[in-house]
Structure formats: C-alpha cells, structure tokens
Amino acid sequence: MPEAVEEYPELLAEQLKEMILIREFETQVSSLFEANELPGFVHLYIGQEAVGVGACSAIDDEDYITSTHRGHGHAIAKGLDPDRMMAELFGKETGYCGGKSGSMHIADVDKGMLGANGIVGAGPTLAVGAGLSIRQRQSDAVCLSFFGEGAMAEGSVHEAMNLAGVLDLPVVFICENNQYGEMTPAANQHHVDGFATRGETYGMPTEMVDGMVVQDVYEATAEAVERARSGDGPSLLVCETYRYHGHYEGDPTRYRTDEELEQWQARDPIESLETTLLDAGTVDEDNVEAMREGATDRIDEAVEFARESTFPAEETAFEGVYTEEL
Amino acid sequence: MPERSMRDAITEALDEELERDSSTYLIGEDVADAGGSFGLTRGLLDSYGPERVIDTPISEAAIVGSSAGAALTGSRPIAEIMYADFMGLAADQVMNQAGLFKYMFGGDASVPMTIRTVNGGAGFNAAAQHSKSLHGLFMHMAGVRVVLASTVYDAKGLLKSAIRCDDPVVFFEHMGLYNRKGEIPAESYTLPLGEAAVEREGDDVTVVATQQLLHDALNVAETLSGDISVEVINPRTLAPLDRETLAESAKKTGRVVVADESLIRNGPASYIAGRIEEDAFYHLEAPVSVVGVDDTPIPFSPPLADAVVPDAEAIENAITALPRL
Ligand SMILES: Cc1ncc(C[n+]2csc(CCOP(=O)(O)OP(=O)(O)O)c2C)c(N)n1
C-alpha cells in the first residue's frame, strides 16, 4: 500500500474518484428503486467497487470486459456514460439499449463492454470468444471476465477456463467472491476452500486478492493483463469482497448478520483509500469533498436526464431483432 | 371450499407429496434455507430435513441431470429451476437424457421426475433473459410431459399428478399468477394429465388460453357476453394434449382463438391451432387465430413489454376480428 502511494498517486486519486462515483450511482439507484421509479429489479455493487475499478484501471479502451447481473460498477469503471446507464434503468429511449435491456443487460460493445448478463456464468465463455477474435485480428487487446463465486459452480465457467488455457487466450478471469450467491453462503455451494485451486486445476496462474483494496486488485490485474498481452495466456484472480446490500434491492438479508456486514464495512474500500491518500498528502479534505460533490452532481444530472427522457415508441419493440438487410 | 393463493396451492402440493412418498425430494437453488426465491418451498426444510429439501450450488445442469439419474434409480426428484430461461442450461439433460431413457432402454426404465419452473416475467419487467415462455421447447421433446399451472385448482391437482407421473414432467408456473386466489377442495385431490377443462361454456367462439391469458380470456368472455358467447378452454397439459375436448368445442362454435405467451413461430399456440384445424376442419368457419409473442425477445421497458406480450385486448381483438357468417 505505501509503495503504491509513492509509485502512482494520481492513479489512486482517480480510482478513489471513480469508486465514489459508482457508490453514488448505486446509492441513488437504491433510493429510486425504493421510490418505485425503476421497473424490474436491480442488483447493486455497493461494497465491491475496488474490484471493478482496480481491474478496469489496468486496461485500455480497446480492451474488453464481460460482466454479470451486478454490472453497474463494471460498466462505469469501463467508461460507460452514467446518463445513458440511468436512462436504461428507467427503460427510456435514451438508455444504452433503447430501454430493451434494463439493469441486467447494459452493454456498449464499441466501448468494449460486452454486457451485464442475466445468466449466471455466461460471461466467461463470451470472454473466451473475445479472446479468439482478438487473436484472429492480431490485436494485443485482452478481455477481463468478471463473475461471482456463485458462478464458479456453473459448468460453462469451467469449460471457459479450460478452453482459454488450451488455446492460450488473452483472458483474465476475475472471480468476485462477495461471500453469497443469492441467499446461500459460498461455503455451502463449493467443495473447496477459497478458489485458488480452481485456477490451478486449469493450469493458469492464480492469485488470491484482497478485493477491498483497490491497489491490490489493480496490481494483480496489471500483472495478469501483461501476461495475456504477451501471449502467456489466461489467469485467474479471486477477489475477496462483500456486497453491502442484499442480493437484489428489497432482499431482507435474513441469511447474514449485521455484525458480519459491519466487519466488512470497517474495511470499506473507499474510506480506506481515502485515509491512505489523506495521510500521504496526495489529496486533502477539500479534494475529497469535491469528489463527493462532483459525484452527487453527476448522478443527479444522470437521474434528471433519465427522468426527462421519453419512453421508447412501441414499434421499437419489434425492431433490432435481426439485421435489416440480408 | 377454502380460498388459496396459487403459491399456497403449490406449496401444499409439494408438502402432501413429500409426506406421502418417501422417495420424493426437492432440489434446487435456495429451495431449503431461503424457502425458494418465490417463497414456494418455505417451511419444507423444517418438516423434511436437508436430505429431502436440498439446496444446490448454481448448477442447473447438475440439478436436472442428477434428477434424471436419481429418477432412473428409484427416487422421485422434484427439481426447481428458478426461471424457465435457465432451463436452457439444463435442456440437454432433458432432451438427451431424462426424456430418452425409457425409450432408449427398451421401455424397461422409467424416469419419474418433475421440474418446476417459472415463466411469464413480462409484467415484472425482468427483460429478455428472465421472461421467456419456453413450454414449446419441451413440447418438442418426445418422452417429456409438459404441464401448465393456469388456475389455483389446477396448480395443486396437476402438480401432484406430475410428481406421481412416471415420466419426466416440466411444470410451468406463471409469475403473474402466484398471488392469484381461488377455491380448492379442503381434501387432497389430483387432476389427470392430458385432460383439458372447459372453464366457461359458450356457443359462438372458442378461446383456448393458457396461464395469465386464460384469466384474460375469461374476463373478455364476460365483457362480450350478450353480444358474443365465448367458450373458454384451459388445455392444462400441452404434452399430452387433449385434442378431443378442443376439437369438440371447435366443432360446436366453428371459430377458435388460441392464446399463449410463447413465441407464435413454432410455438404451442400454433401447434394447437394446427391440430384443431386438422381435427375440426369441416366445422370451422375461419382459420384458427393465434395470439402470442411476435418474433421478438421480451424487452425491458414497460411500454415495450406491453407492446410485445399479449393481453386481454389482444384476445378481444382476435375474437372480434374473426369472420361471423
Ligand atoms: C443460470 C442462472 N441461474 C440462476 C440465476 C439466478 N441468480 C441470479 S444471481 C444469482 C447468484 C449469483 O451469485 P454470484 O455468482 O456469486 O454473484 P453475486 O450475486 O454474488 O454477485 C443467481 C442464482 C441466474 N440468473 N442464472
């Protein structure tokens, strides 16, 4: 941690700013959902910001990510526009997918965001495909694939890890162990401790990462990305983290204790980075205050944009199913 | 007769069958401790313990594949797949395993398993990966029985029969109907698989409708009564399909609308329409009209979802558009 502050203080300040923005987005989404302004259901990323931000700050615009049903944080970290994200959550025509996707499927392929995903375990196989096309195009891009520890039980994830290894593809598998898959603790869903062995089984460099510490995620990802870019194939990072909210908004979270939540919150990724940067003098209180206000203003703007946008015209429901011309 | 919600009726059916037959067990994601994501298995863990109410990892292929294996070897599993969409991950276990064993093994084996799953999320704005109505996919698999819970009464009686059935059954519950109330007998009962129900008698038009659309059809029939007399039929099971009851009604009225939330293309409603035309051709005054989802995934945004998923208005329009000779 101290070395990071000396080596790349500006990046850390950027990461802090981005984590604050994601938390503000999610916090406002939570209130909007409670106020019945959002259709459907939403799964929030609050508590896990260090993973999305740490990992995505180790890649560039031309790189790809695949995401999960809990994808808002990944999307913002990949550089998607909060206005269009919020509009999508409202089901408005100005949303990323014209109101067709909602929270669970936000995508911007041009920006390398290959979609949040409502199917658990679907991202890793898509990432293998991105790896294949990267190689065909002789690009040196990489694909980060975010998935939950719950998804580790899906066959598709194992097939993806094995195939990526067999073909030496530039994919970084990033398992976010937020301790629960829906209502069930990870320990009841997996017959292994931690998940390091899962990567080792498929013969790839594997690292256990503190997912509450953005520097750790960033450094581990940067190393894995470097390997991938130089043709050394896939890696697995297992980031230990926690979701502060329930599985979905409205989840009464009967399956966990307040003490457990508080223990994780005591290591909050935003607060701890903030303290580190304040102590090091990288930022001062005013800077942090400005970041918070900036985030609030930015997300207020996004909400305003979303509210003022119109709903899509009914006929658009039948458009975009196929390409127009054969 | 006591009033029950469809949710309660399903829970009661599960409870009664677990109690009655010790070879049954429940298996699925969050079915034990959490009581199921829609609360349908709540309390069953306390009654039957973790050997018979089993939480699994997020592993649909293993849930359904293991059920096939268990059914083949003496158990009677009842698997839950949270959304019909996720049946995609387990479809191979049904079409290449469970559905084939009896036939491939020369008729000696049986595979008494039930998969309960949920469809029809459009009204919940759950978008394209959580809203599909996929019963047609399973109707396309020989060896597999397909049952729809459309009324509270059906839900309990059909689920109990599905569990007792010696073939693999995929049992579809509609998300929009879970809170719907209806009267059911106080004593235990079952309903035969393969028997449609005439929910309302009429003379001018037959509407064959499933799940939410059945209730829409009944409302429309009420609204139109006096002007057009509508007979409403609930097919209850799609495989086997009670062609006789459908054809009889079609012969009586001469005009038929079939309504189901699946895709029209190669979907259950189109199949039913085809069978009715074949069975009642000389009695029909018009081609059978099909109401369903156009060639489109289910979108998220409320106005878009409403435009795609048929409702009472679509049924009424289909009825009034039929030529009246
Ligand atoms: C194939 C599939 N099965 C089940 C679900 C229902 N579901 C949605 S999220 C989820 C839990 C996922 O847990 P995890 O992968 O750990 O991600 P987290 O929610 O913790 O971020 C489940 C079971 C789904 N969406 N897709």
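What you are looking at is a predicted structure, and each value in this text was computed from that prediction instead of being measured.

**Student:** In this structure, what is going on with the overall build of chain A? I would like to understand it.
**Tutor:** Secondary structure summary: chain A contains twelve helices and seven strands in total. Here the C-alpha atoms of chain A give a radius of gyration of 19 Å, agreeing with the 20 Å that 2.2 N^0.38 yields for 326 residues. Seen along its three principal axes, the alpha-carbon backbone of chain A occupies a region of about 60 × 50 × 40 Å. Out of the 326 residues in chain A, the part that is buried amounts to 57%.

**Student:** Explain the sheet that holds strand E12 (residues 237-239) of chain B to me, please; I cannot follow it from the model alone.
**Tutor:** As a general point, the strands of a sheet are linked pairwise by backbone hydrogen bonds and lie either parallel or antiparallel. Residues and elements named next belong to chain B. Pairing is mixed in the open sheet, where seven strands are placed in the order E3-E2-E4-E5-E7-E6-E12. Only two strands of the sheet have a single partner each, and these edge strands are strand E3 (53-55) and E12. Strand-to-strand, the axes of this sheet are offset by a mean angle of 20°, without reference to chain direction. Across four bridges, strand E4 (residues 76-81) lies against strand E5 (residues 114-119) in parallel orientation. Within E5, the position partnered with Ile-81 by the bridge is Thr-117.

**Student:** Whenever I open this one, the UniProt feature "domain: Transketolase-like pyrimidine-binding" (unreviewed entry) in chain B confuses me. Can you help?
**Tutor:** Per the UniProt record, "domain: Transketolase-like pyrimidine-binding" (unreviewed entry) is annotated on residues 4-180 of chain B. Between the end C-alpha atoms of residues 4-180 of chain B there is a gap of 8 Å, over a span that is 38% helix and 19% strand.

**Student:** Is there a simple way to think about the nonpolar core in this case?
**Tutor:** For soluble globular proteins, nonpolar side chains are generally found buried alongside one another. Residues Val-258 and Ile-276 of chain B are the most contacted members of the largest nonpolar core, which totals 81 residues. Ignoring sequence-local partners within four residues, the contact set of Val-258 of chain B consists of Val-208, Ala-269, Ile-272, Ala-273, Ile-276, Val-288, Ser-289, Val-290 and Val-291 of chain B. Core analysis: the second largest hydrophobic core is formed by 72 residues, Leu-21, Leu-32, Tyr-96 and Tyr-244 of chain A among them.

**Student:** Which parts of the structure should I look at to understand the UniProt feature "domain: Dehydrogenase E1 component" (unreviewed entry) in chain A?
**Tutor:** In this numbering, the UniProt entry assigns the feature "domain: Dehydrogenase E1 component" (unreviewed entry) to residues 18-312 of chain A. Secondary structure across residues 18-312 of chain A comprises 45% helix and 11% strand; the distance between its end C-alpha atoms is 30 Å.

**Student:** What am I meant to see in the interface of chain B and chain A here?
**Tutor:** Size of an interface, as often reported, equals the accessible area lost when the parts are brought together. Contact residues are listed per partner, giving 32 residues for chain B and 36 residues for chain A. Between chain B and chain A, a total of about 2,600 Å² is buried, with carbon and sulfur atoms accounting for 63% of that surface. Contact with chain A buries area across many residues of chain B, yet Ile-58, Phe-300 and Leu-304 of chain B alone supply 25% of it, more than any other trio. Counting across the interface, chain B meets chain A through zero salt bridges. Connecting chain B to chain A are eleven residue pairs in polar contact (both at pLDDT 80 or more). Tallied by class, residues from the side of chain B that touches chain A come to 19 nonpolar, seven polar and six charged.

**Student:** Please explain the site of the ligand as it appears in this structure.
**Tutor:** In the vicinity of the ligand lie 22 residues, with Arg-70, Gly-118, Gly-150 and Asn-178 of chain A together with Glu-60 of chain B positioned nearest. Residue neighbours of the ligand fall on chains A and B, so the site bridges chains. Between an oxygen atom of the ligand and a side-chain N or O atom of Arg-70 of chain A, the distance comes to 2.7 Å. A distance of 2.8 Å is found between an oxygen atom of the ligand and a backbone nitrogen or oxygen belonging to Tyr-180 of chain A. For the ligand, the accessible surface in isolation is 580 Å², of which the surrounding protein chains cover 97%.

**Student:** Where do I start with the pairing of strand E11 (residues 230-234) of chain B in this structure?
**Tutor:** In regular strands, side chains alternate between the two faces of the sheet. Residue and element names in this part refer to chain B. In terms of residue burial, E11 counts as a mostly covered element, since five of its five residues are buried. Burial of E11 is two-sided: the residues Val-230, Val-232 and Asn-234 facing one way and the residues Glu-231 and Ile-233 facing the other way are all buried. Sheet topology note: the strand E9 (residues 197-200)/E11 ladder contains three bridges and is antiparallel. Pairing of Arg-200 across the sheet is with Val-232, part of E11. In the classification by handedness, the crossover that spans strand E10 (residues 205-209), the intervening helix H8 (residues 211-224) and the parallel E11 is right-handed.

**Student:** What is the right way to look at the sheet that holds strand E7 (residues 235-240) of chain A in this model?
**Tutor:** All names here are of chain A. Read from one edge to the other, the open sheet built from five strands follows the order E1-E2-E3-E7-E6, with strand pairing classed as parallel. Each edge of the open sheet is held by one strand with a lone partner, namely strand E1 (64-66) and strand E6 (206-210). Taking the axes of each pair of neighbouring strands and ignoring which way they run, one obtains an average angle of 20° across the sheet. Across the face of the sheet, helix H3 (residues 49-56) comes into contact with E1, strand E2 (143-148), strand E3 (171-177) and E7 while running at roughly 170° to E2. Contacting E1, E2 and E3, helix H6 (residues 123-136) crosses the sheet at an angle of about 175° to E2.

**Student:** Looking at this model, I keep getting lost on the pattern of salt bridges. Mind explaining?
**Tutor:** Pairing of side chains with opposite charge becomes possible as their charged atoms draw close. Residues and elements named next belong to chain A. Applying the stated criterion across every chain yields a total of 34 salt bridges over all chains. Between Asp-60 and Arg-229 there is a salt bridge, with its nearest N and O atoms 3.7 Å apart. Pair noted here: Asp-60 is in the loop between H3 and E1 and Arg-229 is in helix H9 (residues 214-229), with a separation of 169 residues, a long-range link.

**Student:** Can you walk me through the packing of aromatic side chains in this structure?
**Tutor:** Aromatic rings in a pair are described by how distant their centres are and how their planes are angled relative to each other. As enumerated under the stated definition, the model contains twelve aromatic pairs over all chains in all. A ring pair is formed by Tyr-180 of chain A and Tyr-255 of chain A, whose centres lie 5.2 Å apart and whose planes are at 55°; its orientation type is tilted. With a gap of 75 residues between them, Tyr-180 of chain A in strand E4 (residues 180-181) and Tyr-255 of chain A in the loop between E7 and helix H10 (258-265) connect regions that are remote in the sequence. What makes Tyr-180 of chain A buried here is its relative accessible area of 8%. Judged by centre distance (5.8 Å) and plane angle (65°), the rings of Phe-38 of chain B and Tyr-83 of chain B are edge-to-face. Of the two residues, Phe-38 of chain B is situated in the loop between strand E2 (24-28) and helix H2 (44-48) and Tyr-83 of chain B in the loop between E4 and helix H4 (87-98); the sequence distance between them amounts to 45 residues.

About the thresholds
Residue positions are given per chain, counted from 1 along the sequence in the order it is written. Chain letters and ligand numbers both follow the written order, the letters beginning at A and the numbers at 1. For a predicted model such as this one, the threshold for reporting local features is a pLDDT of at least 70, and the threshold for listing and counting side-chain atom pairs is 80 or more; totals across whole chains, interfaces and linings nevertheless cover every residue. Side-chain metrics in this entry use all non-hydrogen atoms of the structure; hydrogen atoms and water are not considered. The secondary structure listing takes helices from DSSP runs of H or I that are at least 4 residues long and strands from runs of E that are at least 2 residues long, numbered from the N terminus. For a compact globule the rule gives 2.2 Å times the number of residues to the power 0.38, and the radius of gyration it is set against comes from C-alpha atoms. Under the scheme applied here, a residue whose accessible area is under 20% of the maximum for its type counts as buried, over 50% as exposed, and between as partly exposed, the area being computed with a 1.4 Å probe on protein chains only. Pairs of strands are assigned from DSSP output, requiring at least two bridges between the strands. To get an axis, fit a line to the C-alpha atoms, keeping to the stretch in contact for a helix; angles then go from 0 to 180 degrees between the N-to-C directions. UniProt positions are given in the numbering used here, feature names are shortened, and annotations may be inferred rather than shown by experiment. Here the nonpolar core consists of buried residues drawn from Ala, Val, Leu, Ile, Met, Phe, Trp, Tyr and Cys, with membership extended through side-chain atoms lying within 4.5 Å. Contacts are assigned to residue pairs with any non-hydrogen atoms lying within 4.5 Å of each other. Each of two parts loses accessible area, computed with a 1.4 Å probe, when they are put together; buried area is these two losses added. We define a salt bridge as a side-chain nitrogen of Lys or Arg found within 4 Å of a carboxyl oxygen belonging to Asp or Glu. Within 3.5 Å is the distance limit for a polar contact, defined as a pair of N or O atoms, with the added protein rule that one can donate a hydrogen and the other accept it, and that residues adjacent in sequence qualify only through two side-chain atoms. Throughout this entry, Asp, Glu, Lys and Arg are counted as charged residues, while Ala, Val, Leu, Ile, Met, Phe, Trp, Tyr, Cys and Pro are counted as nonpolar. The remaining residues, Gly among them, count as polar. For each residue, the test is whether any non-hydrogen atom lies within 4 Å of the molecule or strand; if one does, the residue is near. The Shrake-Rupley method, run with a 1.4 Å probe, gives the accessible areas here. Residue values count only the displayed protein chains as cover. Handedness of a crossover: with both strands directed away from the viewer, a clockwise path from the first strand across the helix to the second marks it as right-handed. In this analysis, rings of Phe, Tyr and Trp, with Trp reduced to its six-membered ring, are considered paired at centre separations within 6.5 Å, and the interplanar angle assigns stacked below 30 degrees, edge-to-face beyond 60, and tilted for intermediate values.

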